[in-house]
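Coordinate inspection notes
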Amino acid sequence: MATKKQAASVAGNRQAAYSARNRAALIKHAQEVLAEVGPSATIEQLASHAQVSPTTIYKYFANKEVLFSEAFSQLWEEWIHWSNETRSPGEPFENVLDAGRKLFRIKQHDPMLSQVLHNVVKDPQFAMNAVHGEAERVFKTLAKMGAVK
């Protein structure tokens, strides 16, 4: 009896790992499509790029907007963490300057994020809706400063 439960548990773990791997691959493909086309890309363009059917995408995401939001949010969150890795308490002005310098050099550090940002700036509402956590705070601060609409 215990062997059947263990086998079911292993099969469940494999299925979960398979689903997580597929979901991560779709997010990676969505990031590439965002860089090439932007958030106006169709689900068919994304499916073609990922070499899957649209049904596969809908298995993991409610719609393309949810997938593109997740893809952009992950890219932006990674950049926020990278750009703030040298932060020191009590040096807010220097931190802003350092993050700004890194943003100007983003094309060399992360060409895909650079292209995604270029495409996303055309639709700032998408960016505002897509980001979460620390990245959301940064975008809201930029909006208050008038850097994005």
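Scroll up a little and you will see the structure.
Presented here is a report on the structure given in the accompanying data block. (Residues numbered from 1 in each chain as written. Predicted model: local features only at pLDDT ≥ 70, side-chain atom pairs only at ≥ 80, totals over all residues. Heavy atoms only, no water.)

**Topic: the overall build of the protein**
- A tally of regular secondary structure across the protein gives 9 helices and 0 strands.
- When its helices and strands are written in sequence order, the protein yields α-α-α-α-α-α-α-α-α.
- For the protein, buried positions account for 34% of its 149 residues.
- Within the protein, contacts between residues separated by at least 24 positions form 65% of all contacts whose residues are at least 6 apart in sequence. (Helix = DSSP H or I, 4+ residues; strand = E, 2+ residues; numbered from the N terminus. Buried < 20%, exposed > 50% of the residue type's maximum accessible area, 1.4 Å probe, protein only. Contact = heavy atoms within 4.5 Å.)

**Observations concerning the nonpolar core**
- Formed by 27 residues in total, the largest nonpolar core has its most connected members in Leu34, Leu46, Ile57, Leu67, Phe68, Phe72 and Val116.
- Contributing elements (two or more residues each) for this core: α1 (2-36), α2 (43-50), α3 (54-60), α4 (64-83) and α7 (111-120). (Core = buried A, V, L, I, M, F, W, Y, C linked by side-chain atoms within 4.5 Å.)

**Observations regarding the environment of Ser19**
- For Ser19, the location among the structural elements is in helix α1.
- Distance from Ser19 to Tyr60, taken between C-alpha atoms, is 8.2 Å for residues 41 residues apart in sequence.

**Describing α4**
- Under the 1.5 Å per step criterion, the end-to-end length of α4 is 28 Å for 20 residues, consistent within 8% with the ideal 28 Å.
- The opening residue of α4, the one whose side-chain oxygen lies 3.1 Å from the backbone nitrogen of Glu65, is Asn63. (Expected span 1.5 Å × (residues − 1). Polar contact = N/O pair within 3.5 Å; in protein donor to acceptor, adjacent residues only side chain to side chain.)

**Points about the side chain of Gln31**
- Checked against the element boundaries, Gln31 lands in helix α1.
- On the accessibility criterion, Gln31 (5% relative accessible area) is buried.
- Within the local environment of Gln31, its side chain forms a polar contact with the backbone oxygen of Ala71, the two atoms lying 3.1 Å apart.
- Filtering out sequence-adjacent residues up to four positions away, Gln31 remains in contact with Ala71, Gln74, Leu75, Met112 and Val116.

**Focus on α2**
- Of the residues making up α2, those classed as buried are Ile43, Leu46, Ala47 and Ala50. What you see down the axis of α2 is that its buried residues fit within an arc of 100°, all on one side. Set apart from the buried face of α2 by more than 90 degrees, the exposed residues are Glu44 and Ser48.
- Of the residues flanking the end of α2, it is Gln51, one or two places downstream, whose phi is positive at about 55°. (Arc of directions from axis to C-beta.)

**Focus on unusual backbone geometry**
- At Gln51, a position not held by glycine, the phi torsion is positive, near 55°.
- Note that Gln51 resides in the loop between α2 and α3.
- Residue Gln51 is classed as exposed on the basis of its relative accessible area of 73%.

**Some remarks on the packing of aromatic side chains**
- All told, the structure shown has 1 aromatic pair when counted by the stated rule.
- Consider the rings of Phe72 and Trp76, whose centres lie 6.4 Å apart with planes at 15°: the pair is stacked. Taken together, the residues span about one helical turn, with Phe72 and Trp76 both in helix α4 at a distance of 4 residues. In terms of burial, Phe72 and Trp76 fall into one category: buried. (Phe/Tyr/Trp six-rings, centres within 6.5 Å; stacked < 30°, edge-to-face > 60°.)

**Some remarks on the packing of α4 against α7**
- At their nearest, the axes of α4 and α7 sit 11 Å apart, and the two run at 120° to each other. Relative to α7, the element α4 lies oblique. α4 and α7 meet at a crossing whose hand is left-handed. On α7, the residues touching Phe72, Leu75, Trp76 and Trp79 of α4 are Met112, Leu113, Val116, Leu117 and Val120.
- Within the contact of α4 with α7, the residues separate by chemical class into 9 nonpolar, no polar and no charged. (Axes fitted to C-alpha atoms, helices over the stretch in contact; angles between N-to-C directions. Parallel < 35°, antiparallel > 145°, perpendicular 65-115°, else oblique. Left-handed = near helix turned anticlockwise from the far one by under 90°. Nonpolar A, V, L, I, M, F, W, Y, C, P; charged D, E, K, R; others polar.)

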